[in-house]
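# Structure at a glance
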Amino acid sequence: MPVSKKIPPALHYRIEAVDVHAHIYGVTLTITQPAALQRVSLPVWIVGSYMVREFSKQLMGIRAQQGKRNISISQLDKSTWQIDCDTSQALTLQYQVHAYDNSVRTAWLNTHRGFFNATSLCVQVDGQYSASHVLELQPPKHASDWKVATGLTPVKVDRKGFGTYSAPNYDVLADTPVEMGNFWSGHFKVMGVEHQFVVAGAPPTFDGGRLVNDAQAICETICSFWHGNKRSHIPFERYVFMLNAVGEGYGGLEHHNSTALICQRSDLPRLSDDGALAKSNDGYTTLLGLISHEYFHTWNVKRLRPAEFTHYNYAKENYTELLWFFEGFTSYFDDKLLRRSGLIDDAQYLRLLNKTINQVLQTPGRKVHTVAQSSFEAWTKYYLQDANSPNLTVSYYTKGALVALCLDLSLRQHGVRNHSITLDHVMRDLWKRCKAGPMQEADLLEVLKELTGRSWRNDLHAWVHSTRELPLEKLLTAHGVTIHHDPAQLAQALGLRVVEERGVVIKQVLNGSPAHAAGLAPADEWLGVEINNSLWRLQKLDDVLLYAGWGKKVTALISRDRQILRLSLTLPKVKEHTTWRLSIGEANKVKAWLN
Ligand SMILES: [Zn+2]
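Here's a quick rundown of the structure. Model, not experiment: these values are computed from the prediction.

### Describing the coordination of the zinc ion
Bound to the zinc ion are the protein donor atoms His 293 (NE2), His 297 (NE2) and Glu 327 (OE), situated 2.0 to 2.1 Å from the metal. Positions of the donor residues of the zinc ion along the chain correspond to the pattern H-x3-H-x29-E. On the criterion of sequence distance, the pair formed by His 297 in helix α4 (residues 282–297) and Glu 327 in helix α5 (residues 323–340) is long-range, its members being 30 residues apart. Look at His 297 and you get buried, because its relative accessible area is 0%.

In structure tokens:
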């Protein structure tokens, strides 16, 4: 049937759970006005997770029809198809997608729960990026108690949320995941803006009221961080948290008005808890940090974002040197804003920061890779880690957070005419300068100069574009933090990361360490030590100290590829290697920085 010119061209995706036991979604896409040679493609990556994941490997059985006529499809590459069409007739594509990855990045379907990102289910229609994208969610036949949660705009939905939703373009569709199932759901408002918090997989002891209260405190702190009390400036009309509680797992992915999170069930607050601060449960503090992190991203990376991400290319890697800013600064603020929300105290905050500092200081890769390089190479280095990763790269999350710390503390020392400048001011001015859109490092430098009257080019160059050590000790001490240099654990002193299940197996050897000098290698099994002509079997790494002791020379007996090797190893002296422990030295100075 010819299409009336009055109807705007639209794309309609109908999603059905066709086989929950085989974990298969059925997708029917109707393209009202197809091109003569219509191309469609499935993304190879999802925005926010910088790795080529080849979502098309789960797509099968694609076929095309116009009216009742089947038409042939040519596959052009791993994720692109082309259909030879009659442009006067609507084109219907049908295919199926296998969905059994219980992460926030792809899609999942079983008898209990459905979840998907459109990047896994919805092909992009060439030439119609800006058309209205309609998503129709069919209620599943196998379960009558399923509901829907999504940040998409409802058009016509039933009381459980099944029906049609719309997105103004493909980017928004791709950036708005959908949760389905019989989940727990809570609501709260932040400056009048509706927030929904859904939790799948919660145990019967789950204290939803507490989670919602704490999430609300975090969201209020973050909204006022960016906009003071100006409600009209909040850049979304509704926000949805989708948390999947599982036996083992952790992660989150930010979206433009929602986020998908995974946590361990045991980290959820429980009804039997006394409702004290999160200090009773480190896992819950970590979950609150994740909520804070992903929500902060709604401003910092979803709107304010690298200039290279002005238009996403879903077909290949999208490179930027700025992840140290977007992930690192977000990591700095996530815990800091938990402190400001009153959910942790100063000492707890310092413990979290302490962890980040020791992670960076225990990564030799910081001496060979800058955070700008590690951002750019995230696709191959951070996301494709192996045993050697700590030697060749540094995390833009952790070192980026420390760059933010150094910048914040330096700014606070600097001040202008007795008026304290902080990193908060910088973030807000960047937001305004870049009009909540694409930004470059030059914008950050410009904002810093405007706020302080001096150039920060050399500082940022040293911290971001060189491998020089950050001035952490000097800056933290100046802000009331005492740094203790405690003797390191044996594994750290040797430069080893091991698993101790049945004996000691080496996972990683850090460059420049005693283990490196001795020639130990990943996958070696460390069987025992020989000292003074006696041989001892190792059950765990610390047994070395029982048989030999700090500062001694030993022979390490190693099993490698079924050969037994003898390697000479000099154990470090007890205080030769240290780790940092932070404590509050001058409480008023720490308070001034953290509150
Ligand atoms: Zn992040």
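Moving on, there is more to tell.
### Some points on unusual backbone geometry
For His 23, which is not a glycine, the phi torsion comes out positive at approximately 60°. Note on placement: His 23 falls in the loop between β1 (10–19) and β2 (24–31). You will see that Arg 562, though not glycine, has its phi angle at about 65°, which is positive. Looking at the secondary structure, you find Arg 562 in the loop between β29 (553–560) and β30 (563–570).

### Let's talk about the side chain of Asp 171
For Asp 171, the position within the fold is in helix α2 (residues 170–174). A polar contact is formed between the side chain of Asp 171 and the side chain of Tyr 314, at a distance of 2.4 Å.

### Description of the sheet that holds strand β20 (residues 251–254)
The strand order β17-β18-β19-β21-β20 describes an open sheet built from five strands, whose pairing is mixed. The outermost strands of the open sheet, each flanked by one partner alone, are β17 (184–190) and β20. The sheet shows a mean angle of 15° between the axes of neighbouring strands, taken without regard to direction. Pairing analysis gives four bridges linking β20 to strand β21 (residues 258–264), with the strands arranged antiparallel. Within β21, the position partnered with Gly 251 by the bridge is Ile 262.

### Notes on the nonpolar core
Grouped together as the largest cluster of nonpolar side chains are 165 residues, with contacts concentrated most on Tyr 13, Trp 324, Phe 325, Leu 476 and Trp 593. Once residues within four sequence positions are removed from consideration, Phe 325 is found in contact with Asn 300, Leu 304, Thr 330, Met 427, Leu 430, Met 439 and Leu 444. Leu 494, Leu 541, Val 544 and Leu 571 belong to the second largest nonpolar core, which has 22 residues in total.

### Side note on helix α9 (residues 398–414)
Helix length check: α9, at 17 residues, gives a terminal C-alpha distance of 24 Å against a target of 24 Å (1.5 Å per residue), a fit within 8%. For α9, a buried count of 15 out of 17 residues is recorded, marking the element as mostly surrounded by other parts of the structure.

### Concerning the pairing of β1
The pairing of β1 with strand β12 (residues 132–137) spans six bridges and is classified as parallel. Note that in β12 the partner of Ala 10 across the bridge is Ser 132. Bridge analysis of β1 against β2 gives eight bridges, and the strand direction is antiparallel. In the sheet register, Asp 19 faces β2, and the bridge partner there is Ile 24. Counting the residues in the hairpin turn of β1 and β2 gives four residues, including His 23, whose phi is positive at 60°.

### Considering the packing of helix α6 (residues 346–361) against α9
Two elements in contact, α6 and α9, have axes whose closest approach is 9 Å; the angle formed by their N-to-C orientations is 120°. The handedness of the crossing between α6 and α9 is left-handed. Across the interface between the two elements, Leu 353, Thr 356, Ile 357, Gln 359 and Val 360 of α6 pack against Thr 398, Lys 399, Ala 401, Leu 402 and Leu 405 of α9.

### Structural notes on the pattern of salt bridges
For the structure shown, the criterion picks out 19 salt bridges. For the salt bridge of Arg 14 with Glu 16, the shortest nitrogen-to-oxygen distance reads 3.3 Å. For Arg 14, a relative accessible area of 28% gives the class partly exposed. Between Glu 54 and Lys 78 there is a salt bridge, with the nearest N and O atoms lying 3.0 Å from each other. Taken together, the residues span a long stretch of sequence, with Glu 54 in the loop between β3 (37–41) and β4 (59–66) and Lys 78 in the loop between β6 (73–77) and β7 (80–84) at a distance of 24 residues. On the basis of relative accessible area, Glu 54 is assigned to the partly exposed category, the value being 26%. For Lys 78, a relative accessible area of 45% translates into the label partly exposed. What emerges from the salt-bridge pattern is a single network uniting Lys 336, Asp 408 and Arg 412.

Rules used throughout
Residues numbered from 1 in each chain as written. Predicted model: local features only at pLDDT ≥ 70, side-chain atom pairs only at ≥ 80, totals over all residues. Heavy atoms only, no water. Donors = N, O, S within 2.8 Å, 3.2 Å for Na, K, Ca; no water. Helix = DSSP H or I, 4+ residues; strand = E, 2+ residues; numbered from the N terminus. Buried < 20%, exposed > 50% of the residue type's maximum accessible area, 1.4 Å probe, protein only. Polar contact = N/O pair within 3.5 Å; in protein donor to acceptor, adjacent residues only side chain to side chain. Pairing = 2+ DSSP bridges. Axes fitted to C-alpha atoms, helices over the stretch in contact; angles between N-to-C directions. Core = buried A, V, L, I, M, F, W, Y, C linked by side-chain atoms within 4.5 Å. Contact = heavy atoms within 4.5 Å. Expected span 1.5 Å × (residues − 1). Left-handed = near helix turned anticlockwise from the far one by under 90°. Salt bridge = Lys/Arg side-chain N within 4 Å of Asp/Glu carboxyl O.

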